[in-house]
Amino acid sequence: MENAPLQQLTPSQEEAVRHIEGPLLVVAGPGSGKTRVITHRIAALIDSGVRPYNICAITFTNKAAEEMRQRACDLGASGGAHISTFHSLCVRILRRYADRAALRPNFSIYDQKDQARCVKQAVKDCRFDTSNFPPARMLDAISTLKNRLIDAESFRNDADDFFSKTLAEIYLRYQNLLSENNGLDFDDLLMKAAFLIEGAPEVNTELANRFKFLLIDEYQDTNHAQYRIAKALVSRHGNICATGDPDQSIYRWRGADINNILAFESDWPDARIVKLEENFRSTPNILAVADSLISHNQKRKLKRLVPTREQGGDVVIRAFEDENAEAAGIVRSIEMLLEQGVSLGDVAVFYRVNSMSRVFEEALIRTKIPYQVVRGVEFYNRKEIRDILAYLKMLVNPEDEIALLRIINTPTRGIGKTTIDRIGAYASANRISLFAALKKAEQIDSLSRGAKAKVAAFVEMFKRFANANVGPVAPLAEVVFDVSGLSASLLAAGAEGKDASDNVSELISAAADYDRQSEEPSLIDYLQQISLFSDTDAYDPTTGRVALMTLHAAKGLEFENVFIAGVEEGLLPHERTNSYENADELEEERRLLFVGVTRAKTNLHISYAQYRTIRGQSLRTIPSQFLFELGCNFDQQSGIDEDCDFDDEPVSEAAGVRFEKGELVRHQSFGLGRVVDFVNIGENSTVTVKFNTGQTKSLMLKYTDLVKV
DNA sequence: CTTGAGTTGGTTTTT
DNA sequence: CCAACTCAAG
């Protein structure tokens, strides 16, 4: 979506486009026309004689890559330039140089759930207790290590305390499991590619000759592995152009290192820095709110938000009784916008956690307003979809045991746990894969006559699939769905099965799209593409529906009308972020709201509920501290639209108690604790207490019975 | 071997 | 609250 006022480039944008040779950092605020600058830059590079083939642009999502390809095409810079995400680029590199990376090119890509399974297995294999070493935690730790390019061997060699040694053992086992399955997880894609490029000079040379100009978008959200890949790729020529905004860094928890962008100048001493501070997206009052909010972050480089649009539109902060009232109120506002002639595609609702989508869906269904929940990966997490994909994965990579175990008895075909265990025992005794053992079932003495026959039938079925695997994916998927018995078993399962069956049909038509769009469709390519699918990839701006999505998914998008719901303590900032003790995490949550706010072009509605149902029970909430940082007063009780006025009236002094940090206090139900923080904002003052029970709570002074001890 | 009832435990954001 | 797991009956 190009902004109308951007008829031509501003001087800064012009500079960012024309500075061709050497390192360039474009620090681009929200709505500054950054995407436009990047595409113009690609065109300018080609104009100046660079072959498209020698350009590599890296985006944050596949969707963004697709859009950039389209826009570059519109500028006449069509074809040839490599535009993709870091992960997709790594897949291509690893497949191409598989032998140099000690890999086989038909590797499976393991997602979150596959990873969880493997880690769990690894913890068990190492004979550790899964309650002392929760797989989720271990996976997190392993992921962090991989993002920092610390492989299992070197981590083990440096491990000196008990926890590290345990983790090292699990990490090693986990990597072994993956390699036995010929699988790579998301982090492996980056880590193995980084090690390959850094460790094999001839590969590096080849890639440097191929990619003579590297452009990286959303640089503030790159992790260390990506940073090292980028650095290695441009080490020969230094032609790197990074764009990003430190204030929009929201993936720290995933290993994103904001220092990559902050330290760009010291990494590249001759770097040219261009700041894009003009905002062509939002009205001045929206920008005032955004600026007021983000200025509460201490660790940041000062950047201005310069409005270019005329004043207009609303910034509204609203309080609602509970989450149902909030959803109903937002839907009511959407209806009012509709009456004003707004089109549904110009409306979006953002929230912090996916589980919040439900209440909005229900309200929208009730009022018959069409909507889309932007959650692409959810589709691929459905049981029936994972089932059929597991069949397909097996065809590409028969060593993928996770996939095999998933489908060997799905639908049920009489190959149960006992049979699988016996085949598994045979497989490990003979050091062959499970699938190889299946083919030799006839020779496994422990198997009953019936079991042997059933296994043989399964193997036979796979041969049939393999013969049908000749290129296009959709016809193959259809054969698999049918012959595997999956289709029949869903058909027999009533209404739910009908839904599931429809989902598979949807997958098959998506595969048909792939077949049509791909020059040379292949199963391996298709599977690797969909593994790297993201939530935002599912967003279709052409449907004319209200978009519901998380604040994270909203990154990079813009809407005329934005609603941000559930801005409450515990939700935003989210309680699991440890924001009370860790200032960095609090700042990241603040950036997340900043991203949400700056998506809005004309109307911005922020809301919270005074009660929210959490795990079945309705709990009183506390308005988010961020609400008080937006620089406008709001009425907490009314629930009536309250236009944000920018009064600088001092808030009334707290009537009564003040708490000091470190003070000992007692709460009616939580008991003794110590004050961690006290925010004195009049009647809405909050006090944060770390209780002796171990939990830290943020309490609103006027609702709580907190006494000094 | 399958199925269903009952139990347990975990509960953010995502390439 | 929900998903994943366990266990006993068929």
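Source: prediction; values computed, not measured.

Chemist: What exactly am I supposed to notice about the protein's contact with DNA strand B here?
Modeler: Close to DNA strand B lie 26 residues; Arg352, Thr418, Thr419, Ser534 and Arg615 are nearest. Within 4 Å of the protein, atoms of DNA strand B come from sugar and phosphate in 56% of cases. For DNA strand B, a phosphate oxygen lies 3.2 Å from a polar atom in the backbone of glycine 416. Ranked by residue count, the leading element in the surface near DNA strand B is helix H20 (residues 417–429), at three residues.

Chemist: Hey, could you run me through the side chain of aspartate 515 in this one?
Modeler: The residue aspartate 515 is located in helix H25 (residues 494–517) in this model. At 7.6 Å, arginine 516 is the nearest oppositely charged side chain to aspartate 515, a buried residue that forms no salt bridge. For aspartate 515, the side chain forms a polar contact with the main-chain nitrogen of valine 473, separated by 2.8 Å. For aspartate 515, the contacting residues outside a window of four places in its chain are Pro472, Val473, Ala474, Pro475 and Pro521.

Chemist: Quick question: what am I supposed to make of helix H5 (residues 112–125) here?
Modeler: Within an α-helix, residues lying three or four positions from one another point in the same direction, as the helix has 3.6 residues per turn. With 14 residues, H5 extends 20 Å between its outermost C-alpha atoms, agreeing within 8% with the 20 Å of an ideal straight helix rising 1.5 Å per residue. When we look at burial in H5, the residues that qualify are Asp114, Gln115, Cys118, Val119, Ala122 and Val123. Between a side-chain oxygen at the N-terminus of H5 and the backbone nitrogen of lysine 113 the separation is 3.1 Å; the capping residue is aspartate 111. Phi for arginine 127, located one or two positions after H5, is positive at around 60 degrees.

Chemist: Just checking my understanding: could you explain the environment of leucine 344 for this structure?
Modeler: Among the secondary structure elements, leucine 344 is positioned in the loop between helix H15 (323–339) and strand S12 (347–351). For leucine 344, a relative accessible area of 13% gives the class buried. As for leucine 344 and serine 88, which are separated by 256 residues in sequence, their C-alpha atoms are 33 Å apart. Residues in contact with leucine 344, not counting those within four places in the same chain, are Ile334, Leu338, Ile369, Pro370, Gly544, Arg545 and Val546.

Chemist: Before we go on, may I ask you to explain the protein's contact with DNA strand C in this structure?
Modeler: All residues in the neighbourhood of DNA strand C are listed as Lys120, Arg358, Arg615 and Gly616. Contact between DNA strand C and lysine 120: a phosphate oxygen at 3.0 Å from a side-chain N or O atom of the residue.

Chemist: Looking at this structure, I do not really get the pattern of salt bridges. What am I missing?
Modeler: Side chains that carry opposite charge are capable of pairing whenever their charged atoms lie near each other. For the structure shown, the criterion picks out 47 salt bridges. With a closest N to O distance of 3.2 Å, arginine 386 and aspartate 114 form a salt bridge. Here arginine 386 is found in helix H18 (residues 383–396), whereas its partner aspartate 114 is found in helix H5, with 272 residues between them in sequence. For arginine 386, a relative accessible area of 10% puts it in the buried group. Take aspartate 114: its relative accessible area is 6%, and that puts it in the buried class. Close ionic contact of arginine 612 with glutamate 568 constitutes a salt bridge, the shortest N to O distance being 2.8 Å. Of this pair, arginine 612 sits in strand S16 (residues 600–614) while glutamate 568 sits in the loop between strand S15 (559–564) and helix H27 (583–597), and the two are 44 residues apart along the sequence. Grouping residues by exposure puts arginine 612 and glutamate 568 together as buried. Three or more residues joined by partner-sharing salt bridges are found here, namely Lys34, Asp217, Glu218, Asp221 and Lys555.

Chemist: So what exactly am I meant to see when it comes to unusual backbone geometry here?
Modeler: Apart from glycine, the bulk of residues carry a negative phi angle, and the bulk of peptide bonds sit in the trans form. With omega at -5 degrees, the peptide bond leading from threonine 410 into proline 411 counts as cis. When you line up the elements, proline 411 lands in the loop between helix H19 (401–407) and H20. The peptide bond linking leucine 572 to proline 573 adopts the cis configuration, its omega dihedral lying at 5 degrees. Position of proline 573 among the secondary structure elements: in the loop between S15 and H27. Positive phi is not limited to glycine here, since arginine 127 has a value of about 60 degrees. Relative to the helices and strands, arginine 127 is located in the loop between H5 and helix H6 (135–147).

Chemist: When you look at the confidence of the model for chain A in this model, what are you seeing that I'm missing?
Modeler: Confidence in the prediction for chain A averages 88 pLDDT; 92% of positions are at 70 or higher. Low pLDDT, under 50, characterises residues 1–6; the stretch is placed with eleven contacts to residues that sit more than four places away or in other chains. Within the model, the stretch residues 646–655 combines pLDDT values under 50 with 15 contacts to residues more than four positions away or in other chains.

Chemist: Any chance you could explain H6 here in plain terms?
Modeler: Look at H6: 18 Å from first C-alpha to last across 13 residues, which is about the 18 Å you get at 1.5 Å a residue. Among the residues of H6, Pro135, Met138, Leu139, Ala141, Ile142, Ser143, Leu145, Lys146 and Asn147 are the ones counted as buried. The first or second residue beyond H6 is leucine 149, which carries a positive phi of 60 degrees.

Chemist: Can you walk me through the packing of helix H23 (residues 473–483) against H25 in this structure?
Modeler: Relative orientation and spacing of two packed helices are given, respectively, by the angle between their axes and the distance between those axes. Relative to each other, H23 and H25 sit at 155 degrees, their axes nearing to 7 Å. With respect to H25, the element H23 is oriented roughly antiparallel. Across the interface between the two elements, Val473, Ala474, Pro475, Ala477, Glu478 and Phe481 from H23 touch Ser501, Val504, Ile508, Ala511, Ala512, Tyr514 and Asp515 from H25. Residue classes in the contact of H23 with H25 are distributed as ten nonpolar, one polar and two charged.

Chemist: Can you walk me through the packing of aromatic side chains in this structure?
Modeler: Here a ring pair, both rings aromatic, is described through the centre-centre distance and the interplanar angle of the planes. For the coordinates displayed, the defined rule picks out 18 aromatic pairs. Both rings, one in phenylalanine 133 and one in phenylalanine 163, keep their centres 6.5 Å apart while their planes meet at 25 degrees; by these two values the pair is stacked. Residue phenylalanine 133 is located in the loop between H5 and H6, and its partner phenylalanine 163 is located in helix H8 (residues 162–180); the two are separated by 30 residues in the primary sequence. The class of phenylalanine 133 is buried, set by a relative accessible area of 10%. The structure contains a cluster of three or more aromatic residues connected by ring pairs, namely Tyr391, Phe435, Phe458, Phe462 and Phe465.

Conventions adopted
- Residues numbered from 1 in each chain as written.
- Chains lettered and ligands numbered in written order.
- Predicted model: local features only at pLDDT ≥ 70, side-chain atom pairs only at ≥ 80, totals over all residues.
- Heavy atoms only, no water.
- Near = heavy atom within 4 Å.
- Polar contact = N/O pair within 3.5 Å; in protein donor to acceptor, adjacent residues only side chain to side chain.
- Helix = DSSP H or I, 4+ residues; strand = E, 2+ residues; numbered from the N terminus.
- Buried < 20%, exposed > 50% of the residue type's maximum accessible area, 1.4 Å probe, protein only.
- Lys, Arg positive; Asp, Glu negative; His and termini not counted.
- Salt bridge = Lys/Arg side-chain N within 4 Å of Asp/Glu carboxyl O.
- Contact = heavy atoms within 4.5 Å.
- Expected span 1.5 Å × (residues − 1).
- pLDDT = per-residue confidence, 0-100.
- Axes fitted to C-alpha atoms, helices over the stretch in contact; angles between N-to-C directions.
- Parallel < 35°, antiparallel > 145°, perpendicular 65-115°, else oblique.
- Nonpolar A, V, L, I, M, F, W, Y, C, P; charged D, E, K, R; others polar.
- Phe/Tyr/Trp six-rings, centres within 6.5 Å; stacked < 30°, edge-to-face > 60°.

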